[in-house]
Amino acid sequence: MHSPLLSPAHRTRTRISSPVPRAGAVCGALALGLVALVSGRWSPLVRLDRYLAEALHRRAVTEPGLVHVNRLLTDWLWDPWTMRALIAVAAVVLWRRGDRVLAAWVVATTLVSSLLQQGVKAAIGRERPRWPDPVDSAHYAAFPSGHAMTAMVTCGLLLWLLRRSGARPWIRRTALAAAAVSVLGVGLTRLYLGVHWPSDVLGGWLLGAALTALATAGYDRYVSRQRTEED
């Protein structure tokens, strides 16, 4: 039984001229370029990262109240496991409503995101910022930011699902605003807490955007092919 949430018109709609694949390709190219610069320790990037990180850290150590707020946001509201829980809820809803391929696609994209993130971290092995007076701590390698990448993938997928469902414009606008705040906010909290370099966060955003664009365009292509075979 087909889901009332995802109407046939929206399930089968494919825009060949969609800018999503092109945007994904651009983000992917930029991400690869950034990976090369980070792994090669390009000195202008290293200097810029350190300058910005030190400026934020100097402010953070004087504002314990704001540090506490940032830790609550990054450890709870925008934690990667919170984001994965949202994807799990969406996947369960889709599965129960009969959109099982779509549910599996969303889950698979999230798993690929985690594997890609950990693979790049292991390959580059970039150290996190070290401070004599840290306000927070984090584990594993720095690049890319897992929080930033997970937020980008999760928010991108959920916005895509809303579009496919034919949600009302005001719902989509509200969701877009919440997604923008979440993606930007989680990146800023990681920088403010001094656990990432700015390029780590940028790398997470770019890799997440590229993967999300690839996954959504791939699913639209799959649906278009299925429709052609049925015709």
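It should be noted that the structure appears before, not after, this text.
Conventions and cut-offs
Residues numbered from 1 in each chain as written. Predicted model: local features only at pLDDT ≥ 70, side-chain atom pairs only at ≥ 80, totals over all residues. Heavy atoms only, no water. Helix = DSSP H or I, 4+ residues; strand = E, 2+ residues; numbered from the N terminus. Rg over C-alpha atoms; globule rule 2.2 N^0.38 Å. Buried < 20%, exposed > 50% of the residue type's maximum accessible area, 1.4 Å probe, protein only. Polar contact = N/O pair within 3.5 Å; in protein donor to acceptor, adjacent residues only side chain to side chain. Contact = heavy atoms within 4.5 Å. Salt bridge = Lys/Arg side-chain N within 4 Å of Asp/Glu carboxyl O. Core = buried A, V, L, I, M, F, W, Y, C linked by side-chain atoms within 4.5 Å.

Caption draft 1: Region of the structure containing the overall build of the protein chain. A tally of regular secondary structure across the protein chain gives 9 helices and 0 strands. Written out in order from the N terminus, the α and β elements of the protein chain read α-α-α-α-α-α-α-α-α. Scaling as 2.2 N^0.38, a compact globule of 231 residues should have a C-alpha radius of gyration of about 17 Å, and the protein chain matches this with 19 Å. Judged by the C-alpha coordinates and their principal axes, the protein chain covers about 65 × 35 × 25 Å. Buried residues in the protein chain amount to 42% of all 231 residues.

Caption draft 2: Highlighting the side chain of histidine 196. Of note, histidine 196 is situated in the loop between helix H8 (169–192) and helix H9 (198–230). Overall, histidine 196 belongs to the buried group, its relative accessible area being 2%. Here the side chain of histidine 196 touches alanine 142 through a polar contact of 3.1 Å, landing on its backbone oxygen. Of note is the side chain of histidine 196, whose polar atom sits 3.2 Å from the side chain of aspartate 200. If we ignore the near neighbours within four places in the chain, the residues touching histidine 196 are Lys121, Arg128, Pro129, Ala142, Pro144, Ser145, Arg190, Leu191 and Val201.

Caption draft 3: Spatial organisation of unusual backbone geometry. Cis rather than trans, the peptide bond between phenylalanine 143 and proline 144 has omega equal to -5°. Secondary-structure assignment places proline 144 in the loop between helix H6 (100–124) and helix H7 (146–165). Despite not being glycine, arginine 41 has its phi angle at roughly 50°, a positive value. For arginine 41, the location among the structural elements is in the loop between helix H2 (20–39) and helix H3 (43–60). The exposed category is assigned to arginine 41, whose relative accessible area is 64%. Of note, tyrosine 140 is a non-glycine position whose phi angle comes to about 70°, a positive value.

Caption draft 4: Looking closely at the pattern of salt bridges. Summed over the entire model, instances satisfying the criterion amount to 8 salt bridges. Across the pair aspartate 200 and arginine 126 runs a salt bridge, and its minimum N-O distance is 2.6 Å. Here arginine 126 lies in the loop between H6 and H7 and aspartate 200 lies in helix H9, a separation of 74 residues in the sequence. In this pair, the class of aspartate 200 matches that of arginine 126, namely buried. For glutamate 127, the salt bridge is made with arginine 130, and the minimal N-O distance between the two is 3.5 Å. Of the two residues, glutamate 127 and arginine 130, both sit in the exposed class. Through salt bridges with shared partners, one network takes in Asp49, Arg126 and Asp200.

Caption draft 5: The nonpolar core, seen in detail. Formed by 14 residues in total, the largest nonpolar core has its most connected members in Leu94, Leu102, Val106, Leu157, Trp160, Leu161 and Tyr219. When residues of this core are traced back to their parent elements, those giving at least two are helix H5 (80–96), H6, H7 and H9. Look past the residues within four positions of tryptophan 160 in its chain and what remains in contact with it is Leu102, Val106, Thr216, Tyr219 and Asp220. In this structure, Leu34, Leu45, Met149 and Ala210 belong to the second largest nonpolar core, which totals 13 residues.

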